[in-house]
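A look at the structure
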Amino acid sequence: MAKVKVVMPQMGESITTGTITKWNKAVGDTVEIDDILLEISTDKVESEIPSPYKGRLDSILFPEGSTVDVGVTIAEIETDLSAPVSAPSKKVEVKPAVEEKVVEKITPQGEAPAGEKRFYTPLVKSMAKETGVSLSELSKVHGSGAGGRVNRKDFEEFLSKKEPAPAAVSKPEPKVTAPMPATAPSSRVEIIPMSNIRKTIAKNMALSKATSAHVNSIAEVDVTHLVKFRESVKEEFKRDEGFNLTYSHFIMYALVKALREYPTVNASIEGDNVVVKKFINLGFAAATEDGLVVPVVKNADSLNMLGLARAVNDLAEKARAKKLTLDDLSGGTFTFTNNGSFGVLIATPIILQPQVAIYCAGVIKKQLVVMKDDNIAVRSIMYGTHTYDHRLIDGAVGGAFLAAVHRNLEEMDPASLF
């Protein structure tokens, strides 16, 4: 018998717990390495967790809805399939991420009430608070989940059928009224609760604006030679590598070179200290169905152009497949975002804390340009925005860094990089 433990995985630099939202396997099921074993949720991301072992799921120690510390055993896998299924191991005590409440149970005959336990997930409780549904109303919602648990679908169905509350009759004397939701659901208004990821994005963006003194420097860059080179090699590159060569790859390579030249832009602020990193972990914004995520290319300064392109593609594929780990999303020292892919000319992004800068690329458009010899030519021009934290980066450094990025792009010999 060779029983192995499955623990709550490392959740990143600042995350110490995870909430089990779904078990994809049941006790007794056989599992292969990388089969999706369960799904977990934190305040940063929702992730699918693959099985680290091949065998049979022997025991599940925490049910769905439990919040568990990183490193705590959550299940056991028997790698010897000939071994008998054993009794589940003793459950470790942990505070679950659900609320247990005794509500009054009224029978159809009006008999005396009896205590009945109801369970509400954090998401349902949050939805109830945001839509003004009281606990007494919530107790009447039929739960279709395990043990009668009310899930998101149950609550949304309840909201769709709920009639708006009648307006209260005003009294002559002044009174203090409880805050009510700004909008009530109706046939013409749909209320959609924010997903956990969207709520986290909202919180982090507001925090960043309140924390950093945002300054934007914007300049244009001539990337005509890069456009011509990409057009000449994109089919061959796709055939050899299996993915598209994009302008983002060139821009990110230019950013890494500039960050070596200006290490302050790669730093962070901790209290009254400036923390300058001796490595470059380059994040890039990726849009998914659930919202914006920022995968991080670790040690990007150690990669050549092809290695960087491959790393970016691997992370982008994981983002689209919703298979990013929290390690993939943590540890960034600088971020790149490409609004040009949406046809945006110029944008002023928000800094991702605790970083102190971000670069945004706009769309590449053909323009008439007056050249150094005063001739007029059609060139491929892009606007780039360097947004930086003025608490640490002054305008001179912010502008010089932007100039370095664009110089790297204009002087780049792309043929020599592959």
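Before reading on, note that the structure itself is shown above.
Conventions and cut-offs
- Residues numbered from 1 in each chain as written.
- Predicted model: local features only at pLDDT ≥ 70, side-chain atom pairs only at ≥ 80, totals over all residues.
- Heavy atoms only, no water.
- Pairing = 2+ DSSP bridges.
- Helix = DSSP H or I, 4+ residues; strand = E, 2+ residues; numbered from the N terminus.
- Expected span 1.5 Å × (residues − 1).
- Buried < 20%, exposed > 50% of the residue type's maximum accessible area, 1.4 Å probe, protein only.
- Arc of directions from axis to C-beta.
- Contact = heavy atoms within 4.5 Å.
- Patch = residues over 30% accessible without salt bridge, like charges linked within 9 Å, V, L, I, M, F, W, Y side chains within 5 Å.
- Areas by Shrake-Rupley, 256 points an atom, 1.4 Å probe, with all protein chains shown as cover.
- Salt bridge = Lys/Arg side-chain N within 4 Å of Asp/Glu carboxyl O.
- 1 Å grid on protein atoms, 1.4 Å probe; cavity = no way out; pocket = protein on both sides within 12 Å on 5 of 7 lines; lining within 4 Å.
- Points joined across faces, edges and corners; volume = space filled by probe spheres on them.
- Lys, Arg positive; Asp, Glu negative; His and termini not counted.
- Polar contact = N/O pair within 3.5 Å; in protein donor to acceptor, adjacent residues only side chain to side chain.
- Axes fitted to C-alpha atoms, helices over the stretch in contact; angles between N-to-C directions.
- Parallel < 35°, antiparallel > 145°, perpendicular 65-115°, else oblique.
- Left-handed = near helix turned anticlockwise from the far one by under 90°.
- Nonpolar A, V, L, I, M, F, W, Y, C, P; charged D, E, K, R; others polar.

An order of β1-β8-β6-β3 is seen for the 4 strands of this open sheet, with the pairing classed as antiparallel. Of all strands in the sheet, those with a lone pairing partner are β1 (3–7) and β3 (30–31), marking the two edges. In this structure, strand β6 (residues 55–60) lies alongside strand β8 (residues 73–78), joined through 4 bridges in antiparallel fashion. The partner of Arg-56 across the bridge, within β8, is Glu-78.

A few words on helix α6 (residues 247–261). Across its 15 residues, α6 extends 22 Å between first and last C-alpha, which sits within 8% of the 21 Å expected from 1.5 Å per residue. Of all 15 residues making up α6, 11 are buried, and the element is well covered by its neighbours. Here α6 has its buried residues at Ser-248, His-249, Phe-250, Ile-251, Met-252, Tyr-253, Ala-254, Leu-255, Val-256, Ala-258 and Leu-259.

In a regular helix each residue adds 1.5 Å, so 16 residues correspond to 22 Å; helix α4 (residues 196–211) covers 22 Å between its end C-alpha atoms and thus fits that length. When α4 is considered as a whole, its buried residues turn out to be Ile-197, Thr-200, Ile-201 and Ser-208. Taken down its axis, α4 places every buried residue within 100° of arc, on the same side.

The next subject is the environment of Ala-286. Tracing the sequence through the fold places Ala-286 in strand β15 (residues 286–288). Judged by its relative accessible area of 12%, Ala-286 falls in the buried class. For the pair Ala-286 and Ala-319, spaced 33 residues apart in sequence, the C-alpha separation works out to 7.4 Å. Sequence-distant contacts of Ala-286, that is, excluding residues within four places in its chain, are made with Gly-291, Leu-292, Val-293 and Pro-295.

The grouping of Leu-368, Val-370, Ile-376 and Val-378 at the surface amounts to a nonpolar patch, some 450 Å² of accessible area in total. Put simply, the parts of the chain that give the nonpolar patch at least two residues each are β20 (365–370) and β21 (376–389). Within the secondary structure layout, Leu-368 lies in strand β20. Take Leu-368: its relative accessible area is 66%, and that puts it in the exposed class.

Bridge analysis of strand β12 (residues 267–270) against strand β13 (residues 273–276) gives 4 bridges, and the strand direction is antiparallel. In the sheet register, Ser-268 faces β13, and the bridge partner there is Val-275. Hairpin connection of β12 to β13: 2 residues between the antiparallel strands, including Gly-271 at a positive phi of 65°.

On inspection of all chains with the given rule, the structure shows 1 cavity of 30 Å³ or more. Approximately 40 Å³ is the volume attributed to the largest cavity. If you trace the largest cavity, you find it lined by Val-223, Leu-226, Tyr-247, Phe-250, Ile-251, Ile-364, Met-382 and Leu-409. If you tally residues by element for the lining of the largest cavity, the top one is α6, at 3 residues.

Along the chain, Glu-76 falls in strand β8. Buried and unpaired, Glu-76 has no salt bridge, with Lys-3 as the nearest side chain of opposite charge at 4.2 Å. Here Ser-59 takes part through its side chain, which lies 2.8 Å from a polar atom of the side chain of Glu-76.

So, about the packing of α6 against helix α7 (residues 305–320). It is at 10 Å that the axes of α6 and α7 come closest, and there the two elements cross at 120°. Classified by the angle their axes make, α6 and α7 are oblique. When the axes of α6 and α7 are compared, the crossing they make is right-handed. Within the contact between the two elements, α6 uses His-249, Phe-250, Met-252 and Tyr-253 and α7 uses Met-305, Leu-308, Ala-309 and Val-312. Residue composition of the contact of α6 with α7, by class: 7 nonpolar, 1 polar and no charged.

By themselves, these are just geometric observations and shouldn't be taken as functional.
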